[in-house]
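Here's the letter readout for the chains.
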Amino acid sequence: MEMPVKGFWMCPVKDYNQVVIDAANHTGVRSVKIPSTMRAEPQADAQCEWRICSPNTVGEFSATGYFFARTVHQALDIPIGLIEANKGGSRVESWLTKENLEKYTDDPTDSVAICKKWDKWDYHRSLLWGNGTFNPILNFTVKGILYYQGCSNVGDPGDQYSQRMKLLVEQWRQQFGLGEIPFYFVQIAPWAYDDGDCNAISGALLREQQYKASQIIPNSVLVCTNDLVYPYEFSQIHPTQKQQVGERLAYAALNRDYGFEGILYQSSNFKDMKIEGDAVFIHLDNNYHTDAPFEGLEGFELAGEDKVFHPATAAHFWREGGDYWDEAIRITSPEVKKPVAVRYCFKNFQLGNVKNGANLPLFPFRTDNW
């Protein structure tokens, strides 16, 4: 969320110049950047000022935030204000209160102990970023929260991340005192975690935790970004395609909060499967009656009882008769004669191409728990 429209060093944002030129059409978008600071105690205020969107200022706006605001502004033609309270590379624990950290985690809450624990990377530090960077905005009235974080929590055990995400949302909703305000968040993009190992799954496990969080956090939507990296970006932690990230967040808000029922905002997800001989048949949910492309589905793997996954061929399947399973996606692999499990893009960096009727990507998934 902290990455600006102008990008970071060695990390550009796609179509930057066109975004700058177009900014003159969106002076109704305003932004204020809360200084990213650490504090031992919760702060009630911060030194900052509102910025009017223009070709000379838009480069400083949060890229994901701006593309969200621009889309909503186009649809509604009303002023849109972005309050940017963020810190790149932070952990979910960075934003939890002292009370929640002490009750639900083993993280230290003394500022000296925190700094000692996270002496190498200050952006990993718990509590301090929330005190200094988020607490100052709690007296604002907000429509909802946009959230894009997770890379620094890759490797967390079990369901720890999804539970702490739920805890954080509950905390923020209680602090704002505005009821169950919308929480729209972004799944981390493919990247070569584990010292550059694209085929390891620690990143995939975190994405799975984010998906689980979306199922247990009321009034929340998770945006999938598995298609928003280029093959050469396996080592780029800040991929260049930020416009679609913000737009997808906006699609959720426009549909759910502003009455644009014709906007399709959900990515498809795994629904169920059936094994028949050497083939696995699957159905997807939230696909808007479309599993695309028509030919050449990519990103699937199969495994047998040996738990070794092999690249698989997937194709649309139809059969006369009208049975539920006579229309599905059929998945096979010559190396797996007796399949027991299927995965889709369940690696640190693996790109599939399955999309639904909204042209939104299928969430990565696995049917095993290995």
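Only a predicted model underlies this, so the values are computations on that prediction, with no experimental measurement involved. (Residues numbered from 1 in each chain as written. Predicted model: local features only at pLDDT ≥ 70, side-chain atom pairs only at ≥ 80, totals over all residues. Heavy atoms only, no water.)

K.L.:
Give me the lowdown on the nonpolar core, citing residues and values where you can.
P.N.:
Formed by 36 residues in total, the largest nonpolar core has its most connected members in F134, Y147, M165, W172, F176 and F183. Going through the elements one at a time, α5 (128–134), β4 (145–148), α6 (160–176), β5 (183–186) and α8 (202–216) are the ones with two or more residues in this core. A total of 7 residues in this core trace back to one element, the largest contributor, which is α6. If near-sequence neighbours (up to four positions away) are discounted, M165 is found in contact with V92, Y147, Q149, F183, F185, A213 and I217. (Core = buried A, V, L, I, M, F, W, Y, C linked by side-chain atoms within 4.5 Å. Buried < 20%, exposed > 50% of the residue type's maximum accessible area, 1.4 Å probe, protein only. Helix = DSSP H or I, 4+ residues; strand = E, 2+ residues; numbered from the N terminus. Contact = heavy atoms within 4.5 Å.)

K.L.:
Help me get a handle on unusual backbone geometry, residues and values and all.
P.N.:
As a rule of thumb, non-glycine residues mostly have phi less than zero, and peptide bonds are mostly trans rather than cis. The amide bond that connects A292 to the next residue, P293, takes the cis arrangement and shows omega of 5 degrees. The topology assignment puts P293 in the loop between β8 (279–285) and β9 (300–303). Of note in the backbone geometry, D77 takes a positive phi value of approximately 55 degrees without being a glycine. Mapping D77 onto the fold places it in the loop between α2 (63–76) and β3 (80–84). Even without glycine at this site, D195 takes up a positive phi of about 60 degrees. In this structure, D195 sits in helix α7 (residues 193–196).

K.L.:
Summarise the sheet that holds strand β13 (residues 341–344); cite the residues concerned and give the values.
P.N.:
An order of β10-β9-β13-β14 is seen for the 4 strands of this open sheet, with the pairing classed as antiparallel. Two strands in the sheet have a free side with no partner beyond their single neighbour: β10 (309–311) and β14 (365–366). By the bridge criterion, 4 bridges tie β9 to β13 in an arrangement that is antiparallel. Residue pairing across strands places A303 opposite A341, the latter belonging to β13. (Pairing = 2+ DSSP bridges.)

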